[in-house]
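So the chains spell out like this:
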Amino acid sequence: MTTITITSGKGGTGKTTMAANLALSLKKLGKRVLVVDGDLNMANLTLLFDLQNSPITLEDALNGEAKIRDVIYSSYDIDVVPATIELREYDLSTLREQISKLREMYDFIVIDSAAGADETTLAAIKASDDVILVLEPTKASLADAIKMKRISERDGKRVLGFVMNKIRDRKYELGEKDASIALDLPLLVSIPFSENIAETFSFRQRAPLLVRMPRSREASYFKKLAEKISGEKFEEKKENFLQRFLKRLFKF
Ligand SMILES: Nc1ncnc2c1ncn2[C@@H]1O[C@H](COP(=O)(O)OP(=O)(O)OP(=O)(O)O)[C@@H](O)[C@H]1O
Ligand SMILES: [Mg+2]
């Protein structure tokens, strides 16, 4: 079983988007998956999974006022530990211990974290085995990611690689290869800027992309990430006769 924290140096790179859709993709691969809102102050993942009205949340478990198992909710057919959307005090020092209580129940625990080196981010990293960095194609994003890599490795975590998100193919953008060399990490997946992803948090459409558009081009990026993380492949769709015939005819 593996616990993976999704983090970045800069805010808004796409961590919550990644955590939600990676978790849903791993679930589609048949894995037992939990996704945890480790960005306790902002709780965007909680909003994304429509769990803002949860009577008890991660903070209750951290403060010893609830059992962590009782803070697991099901949303869009996946297990989620939400955080509170209220301002609250909580004891971060117990996060690692609380998460470890759930280890045997799952194949993957995906933790969404805050950006930068603040204490909730550090606690989320400490609570995990592995880390994935999310970058936008800018040099500032890279510089901050390098710091997050150092912090993760200092804590003895394995940094699996990075995701380059919101690519617009502009000349001035930081290339994946340069980022990979500078970080000394493999690129896990590149994801273009997409309106379909951008509208995720819009009021009517608020649900992860894997739920709204599971067969879209965008969904395939998150599925690819899940394949890399799990080492398993999604089954190829069976082709019908006409598709096979055309494929042979045109050799594509
Ligand atoms: N590939 C993409 N194309 C277009 N929009 C995207 C893409 N990825 C994420 N977004 C959008 O960018 C915004 C920030 O994404 P998200 O909340 O996932 O980032 P974050 O890193 O979790 O931010 P924070 O640091 O505030 O927690 C959201 O509105 C999201 O829908
Ligand atoms: Mg976020």
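Quick note: structure is the one above.
Residues numbered from 1 in each chain as written. Chains lettered and ligands numbered in written order. Predicted model: local features only at pLDDT ≥ 70, side-chain atom pairs only at ≥ 80, totals over all residues.

1. Notes on the environment of E86
Now for step 1: Within the fold, E86 resides in the loop between β4 (78-81) and α4 (95-100).
Now for step 2: Residues E86 and Q52 lie 34 residues apart in sequence; the distance between their C-alpha atoms is 9.3 Å. (Helix = DSSP H or I, 4+ residues; strand = E, 2+ residues; numbered from the N terminus.)

2. Section: the sheet that holds strand β8 (residues 187-192)
Now for step 1: Taken in spatial order, the 8 strands of this open sheet run β3-β4-β2-β5-β1-β6-β7-β8, and their pairing is mixed. This sheet does not close on itself; its edge strands, each paired only once, are β3 (73-75) and β8. Neighbour-to-neighbour, the strand axes of the sheet open up by a mean angle of 25 degrees, direction not taken into account.
Now for step 2: Of the pairings in the sheet, the one linking β3 to β4 comprises 3 bridges and is antiparallel in character. What sits directly across from Y73, in β4, is V80.
Now for step 3: Sheet strands in contact with helix α6 (residues 139-154) are β1 (2-8), β6 (130-135) and β7 (158-167), and its direction is about 175 degrees off that of β6.
Now for step 4: Running over the sheet, helix α7 (residues 176-183) touches β6, β7 and β8 and is turned about 155 degrees from β7. (Pairing = 2+ DSSP bridges. Axes fitted to C-alpha atoms, helices over the stretch in contact; angles between N-to-C directions. Contact = placed C-beta atoms within 7 Å.)

3. Brief notes about unusual backbone geometry
Now for step 1: In this structure, A43 takes a positive phi of about 55 degrees despite not being glycine.
Now for step 2: Residue position: A43 is located in the loop between β2 (33-37) and α2 (44-48).
Now for step 3: Even without a glycine there, the phi angle at D77 is positive, about 65 degrees.
Now for step 4: The topology assignment puts D77 in the loop between β3 and β4.
Now for step 5: When the 9 C-beta atoms within 10 Å are taken as the criterion, D77 is described as exposed. (Buried ≥ 20, exposed ≤ 12 C-beta atoms within 10 Å, placed from the backbone.)

4. Describing the packing of α6 against α7
Two quantities define a packed helix pair, namely the angle between the axes and the distance from one axis to the other.
Now for step 1: Look at α6 against α7: their axes get within 10 Å of each other, and the N-to-C directions meet at 35 degrees. The crossing of α6 and α7 is right-handed. Contact residues: L142, A145, I146 and K149 in α6; A179, A182 and L183 in α7.
Now for step 2: Classifying every residue of the contact of α6 with α7 gives 6 nonpolar, no polar and 1 charged. (Left-handed = near helix turned anticlockwise from the far one by under 90°. Nonpolar A, V, L, I, M, F, W, Y, C, P; charged D, E, K, R; others polar.)

5. Digging into the nonpolar core
Now for step 1: Core analysis: the largest hydrophobic core is formed by 64 residues, its most contacted members being A23, V35, V110 and V163.
Now for step 2: Filtering out sequence-adjacent residues up to four positions away, V163 remains in contact with M18, I132, V134, L135, L188, V189, I191 and L225. (Core = buried A, V, L, I, M, F, W, Y, C linked by C-beta atoms within 7 Å.)

6. Quick look at helix α5 (residues 119-126)
Now for step 1: Among the residues of α5, those classed as buried are T120, T121, A123, A124 and I125.
Now for step 2: On its buried face, α5 is in contact with β1, α4, β5 (108-115), β6 and α6.

7. Regarding the environment of M213
Now for step 1: Topologically, M213 is positioned in the loop between α9 (209-212) and α10 (217-230).
Now for step 2: C-beta crowding within 10 Å serves as the criterion here: with 15 such atoms nearby, M213 is assigned to the partly exposed category.
Now for step 3: Measuring from C-alpha to C-alpha, the distance between M213 and N196 comes to 8.6 Å, with 17 residues separating the pair along the chain.

8. Focus on the packing of helix α1 (residues 15-28) against α10
Now for step 1: It is at 8 Å that the axes of α1 and α10 come closest, and there the two elements cross at 65 degrees. Classed by the angle they form, the pair α1 and α10 counts as roughly perpendicular. Viewed along their axes, α1 and α10 form a crossing whose handedness is right-handed. Note on element contacts: α10 touches α1 through F222, K223, L225, A226, I229 and S230, opposite N21, L22, S25 and L26.
Now for step 2: Looking at the contact of α1 with α10, its residues break down into 6 nonpolar, 3 polar and 1 charged. (Parallel < 35°, antiparallel > 145°, perpendicular 65-115°, else oblique.)

9. Overview of the site of ligand 1
Now for step 1: In the vicinity of ligand 1 there are 21 residues, among which G11, G14, K15, T16 and T17 approach most closely.
Now for step 2: Looking at the shell around ligand 1, the elements with two or more residues in it are α1, β7 and α8 (195-198).
Now for step 3: If one sorts the elements of the shell around ligand 1 by residue count, α1 sits on top with 3 residues.
Now for step 4: Taken together, the residues that form the shell around ligand 1 break down as 7 nonpolar, 11 polar and 3 charged. (Near = placed C-beta within 6 Å.)

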